[in-house]
Amino acid sequence: MGNANMDSITGIVINTGVMLPPIFMAIYVLPRIYSYADPFILFLFAFLPIIRRFIGRMYRSLVYPVALLIAVSSVIIWLAASTGSIPHRYLILGTPIDKPFMVSVTLVIGIVTLLEGLFAKKLYSVITLMAFSTLTFLDMIAALIVFNQTGYPFFTLYIYVELMEYEALYTLIVYGYEFSLPLATFSIPINTYLIAGFVVSMISIIVASYRNGNRSIDRSNSFAYSILYGSILGTAAFYFITVMSRLSLQFLAIAIVIVAMIYAIIRTDPERKADTET
Amino acid sequence: MIRKAGYLILSASIYNIFESILLGYKYYIIFSIILFFVFSSDILIFNLTTARKVRNVEVEISAENEKARKFSPKEFTIAFLNQNNSPLSFHYYVYSSDTFRMAGDFEGFLALKPFERVVRKFIVTPNTIGRYRLGPVSVYTEDGMRFAIERAEVSRTIDLKVAPALSEIMAARSERISNMLYYTGIHYNKKAGQGYDFLTLREYVPGDEIRYVAWSMIGRTKGDDLYVKQMEEERIMDVIFLIDYGNGMNQGHDGKRMFDSIMADVIKTSYKIRKNQDGVGYFISSSDINIFIPPERTATPIENLQKVISDIRPSGSFSMRYSIDFLRRKIKKTTMIFVISSFEYGEDPVSVRDIIGSYKAMFFVVNPYDFVVTGEENRTLRATLFHKQRSIVDRKREILRSLGFRTEIVGSRDAYRKLVSSYLYAKMNNIGE
């Protein structure tokens, strides 16, 4: 029992390391955006990942559906009250679909994925949740930077940043390069912290993989080599992509890098070879 | 082979790269790309090194022979030889049947130096009769991050033939104990007729042979009364067990299977019949299996049966019409047929009456309820099954009884008792004559 507890505490500590970039971003973003959000939706969802851990296993899977039902009912009450289907006094129970509501939904996605990532047991869950959380908060940081510079309504700017991303995606696919990148255009105030965060996150991911993996001698060797070669190849790929972006062939470069690596993995699979031989 | 976790992590990394590029945040792009390459390099290096070595492990699984008895532990040896010129660590396990209880090193983790040979031993205790496959040995290894796995099935498979347990068939008891066990109850073996042994006297009736007149008893009670000696003759009955060996008899669960339990009871009954100097034979029948052991008044058919059933398992479907038709061509009309089946097949029972005709047969319907899974967690299942199963089995018995056959419902606990009592009933009523 003691060992299991120790294990789960170590797991949470390592997960915190992995989730450090979104944690830094959350610390920066939350106090600044809180006032633009709908507190009901924010508080309804924000603590669910923690509450889930303290209630029985039987009800654990019901936590999110119940919270969603409450939110949807509240929205329905608002709709019914504002259209006159139910008495107007019930409007106090309703949640309007407006800009604060949308900001809350975005914040909730970031916070819930962040907290779930801290408690996740599987490495791939932690990394996926880290990606979701980081990307949500990065969008918000971009919106916040524009907000500080222009003073337009926060939510409008959030949509603006999202549209910039979609535009970048469109130009990337159609023309092979990105036209407007939100975070390349504006400089991030917590840049230093984020770089440190990414370094710690990378180290934590390696520690988590080592902890998760098999620790016999031959396996540890291959583990060390994979980190070494991975870092070298990764850096080389980054420079390759950077160079290619000057020629407006960034999309092609990323695609080549990823497809080449996946092809190499599939091609070298001994099982595939054995199947072809038979 | 990439595991599910590997696919997920690669997908997450690729998604990360694309999103980071769309956002245009340089440091996050570097982070995502390095992450992707660390994970993919791990799988790539594994594919190029460790994964290739697994197939160079030579594994030899062996035992003294390939015969076993139910409930008797049997030892097996696995020898591993690392034929790589580098160390290799791997997990291994032996594929086995759920009818085997395994103990010892049948699974584990090994780290072998180049060309090192290691021997491991494990014990198999079968709990069901029949032929079961043991092996091959599966060897598998994983990469450092557990995103990929390489598995190889090395070594041959062993077909283990499991004969019935000695404790269940009473064949290995001492003569004194077995005599006591076998000679309890009625063992009437003779009937009035032409023979050499004197049975009783009865009053003379016209037509009796003069040579049997008891001259010394003339006028013993009425003055002129005449008596004849009644002799007795040996009464021999052959019993043939027609045993359904189709899938319908393959019911039950771990350690309690219908065909296994019924076979043990059939063998026990056969020894009892054999002790009574009667002949016993078998016909094991299904669409896949047709084994006929002709009735003999020796122990040979019983021994043959034990060999035969250790090499087969129920399969296919059972046809009463075909089986009886086959037996009619092989046995005498006086032979008593004990038909044992779960009657799980859609054959018209009325036609059985016509096929059997003047042959003698008794039916034993095996009740599947006796073989349903036990344990507290299956209580509801058993309670639900009990009433339904009982009514189905009762209906089967009523149908067969309505056709004029002596029919019993048998289960794991009462099959032996009912088989023996039916045999004695047949003897007492001169059915098999």
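Residues numbered from 1 in each chain as written. Chains lettered and ligands numbered in written order. Predicted model: local features only at pLDDT ≥ 70, side-chain atom pairs only at ≥ 80, totals over all residues.

Trainee: Can you lay out the sheet that holds strand β11 (residues 158-163) of chain B for me, pointing to particular residues and giving the numbers?
Mentor: All names here are of chain B. Pairing in this open sheet of three strands is mixed, and the strands run β2-β11-β8 from one edge to the other. Taken across any chain shown, the strands that pair with only one partner, and hence form the sheet edges, are β2 (67-69) and β8 (130-134). Neighbouring strand axes in the sheet, compared pairwise and without regard to direction, differ in orientation by 35° on average. Here three bridges tie β2 to β11, and the two strands are oriented parallel to one another. By the bridge assignment, alanine 68 is partnered in β11 with valine 162. (Pairing = 2+ DSSP bridges. Helix = DSSP H or I, 4+ residues; strand = E, 2+ residues; numbered from the N terminus. Axes fitted to C-alpha atoms, helices over the stretch in contact; angles between N-to-C directions.)

Trainee: I'd like a description of the sheet that holds strand β19 (residues 336-341) of chain B, backed by residues and values.
Mentor: Residues and elements named next belong to chain B. Pairing is mixed in the open sheet, where six strands are placed in the order β18-β17-β14-β19-β20-β21. At either margin of the open sheet sits one strand with a lone partner, and together these are β18 (290-296) and β21 (406-410). Neighbour to neighbour, the strand axes of the sheet diverge by 15° on average, direction disregarded. Two elements, β19 and strand β20 (residues 360-366), share six bridges in a ladder whose sense is parallel. Of the residues in β20, the one forming a bridge with methionine 336 is lysine 360.

Trainee: So, the interface of chain A and chain B: which residues are in play, and what are the values?
Mentor: Taken together, the contacts link 53 residues of chain A with 49 residues of chain B. Secondary-structure elements contributing two or more residues to the side of chain A that touches chain B are α8 (123-150), α9 (154-174), α10 (182-185), α11 (191-212), α12 (217-246), α13 (250-267) and α14 (270-277) of chain A. Top contributing element to the side of chain A that touches chain B by residue count: α12 of chain A, with 17 residues. Of the residues belonging to the side of chain A that touches chain B, the class tally is 31 nonpolar, 15 polar and seven charged. (Contact = placed C-beta atoms within 7 Å. Nonpolar A, V, L, I, M, F, W, Y, C, P; charged D, E, K, R; others polar.)

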